[in-house]
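Chain residues, written in single-letter form:
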Amino acid sequence: MAKKEVWTATGRRKRAVAQVRLTAGTGKITINGKDVNDYMPFSVLVMDLKQPLEATGNVDKFDVDVNVKGGGFSGQTGAIRLGITRALLAFDANTDQSREDAYRKVLKSRKLVTRDPRVKERKKPGLKKARRAPQFSKR
């Protein structure tokens, strides 16, 4: 029996961290042991995390198994999307990158390769939130 190839990658967004495993399969996406449609509350988030697979034409070619923790659903979706992108780049690493249909060029043109660096700003002393000052009272 041949060894099944697995491509793994990590994606992060806000406070969420996603460990993504890509295997050859039928397009089944599992998040924390649940089907993607059962785990994610909105179909827009499911569409968002499938973007790298759709851009490269691999929606039905890979099974995606994800362990994600931290953050909310939106941050987890962004982390999963980046993890899938990085796993696809690992899968396509041995092909000629100068070709027009190379995964890196396709994914980079859609801005899926770059990690979104925005995170919550820390609270400062004397303020109510990171920048929100207490209400001013004249009297």
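Placed above this text is the structure.
Overview of the structure. (Residues numbered from 1 in each chain as written. Predicted model: local features only at pLDDT ≥ 70, side-chain atom pairs only at ≥ 80, totals over all residues. Heavy atoms only, no water.)

Per the counting criterion, the structure on display carries 5 aromatic pairs. Taken together, a centroid distance of 4.8 Å and an interplanar angle of 85° make the contact between Trp 7 and Phe 91 edge-to-face. One end of the pair, Trp 7, is in strand β1 (residues 6-13); the other, Phe 91, is in helix α4 (residues 73-91), and 84 residues separate them in sequence. Where Tyr 39 meets Phe 73, the ring centres are 5.9 Å apart and the plane angle is 75°; that geometry is what we call edge-to-face. Highlighted residues: Tyr 39 in helix α1 (residues 36-39) and Phe 73 in helix α4, separated in sequence by 34 residues. The class for Tyr 39 is buried, based on a relative accessible area of 17%. Residue Phe 73 is classed as partly exposed on the basis of its relative accessible area of 38%. By way of ring pairs, the aromatic residues Trp 7, Phe 62, Phe 91 and Tyr 103 are connected into one cluster. (Phe/Tyr/Trp six-rings, centres within 6.5 Å; stacked < 30°, edge-to-face > 60°. Helix = DSSP H or I, 4+ residues; strand = E, 2+ residues; numbered from the N terminus. Buried < 20%, exposed > 50% of the residue type's maximum accessible area, 1.4 Å probe, protein only.)

Turning our eyes to something else, we now look at the nonpolar core. Core analysis: the biggest nonpolar cluster contains 31 residues, and Ile 31, Met 40 and Ile 80 have the highest contact counts within it. At 6 residues, α4 tops the list of elements feeding residues into this core. When near neighbours in sequence (up to four residues on either side) are disregarded, Ile 80 contacts Ala 18, Val 20, Ile 31, Met 40, Leu 49, Val 66 and Val 68. (Core = buried A, V, L, I, M, F, W, Y, C linked by side-chain atoms within 4.5 Å. Contact = heavy atoms within 4.5 Å.)

With that settled, consider the environment of Thr 23. Within the secondary structure, Thr 23 sits in strand β2 (residues 16-24). Counting along the chain gives 20 residues from Thr 23 to Ser 43, while the straight-line C-alpha distance between them is 23 Å. Sequence-distant contacts of Thr 23, that is, excluding residues within four places in its chain, are made with Glu 5, Val 6, Lys 61, Phe 62 and Asp 63.

What follows is about the sheet that holds β2. If you trace the 5 strands from one edge of the open sheet to the other, you get β1-β2-β5-β3-β4, paired in mixed fashion. Of all the strands in the sheet, just β1 and β4 (34-35) have a single pairing partner and so form its edges. As paired elements, β1 and β2 share 8 bridges and run antiparallel to each other. Bridge pairing in β2 links Arg 13 to Ala 16. The strands that α4 touches are β1, β2, β3 (29-31) and β5 (62-69); relative to β1, the one it contacts most, it runs at about 145°. (Pairing = 2+ DSSP bridges. Axes fitted to C-alpha atoms, helices over the stretch in contact; angles between N-to-C directions.)

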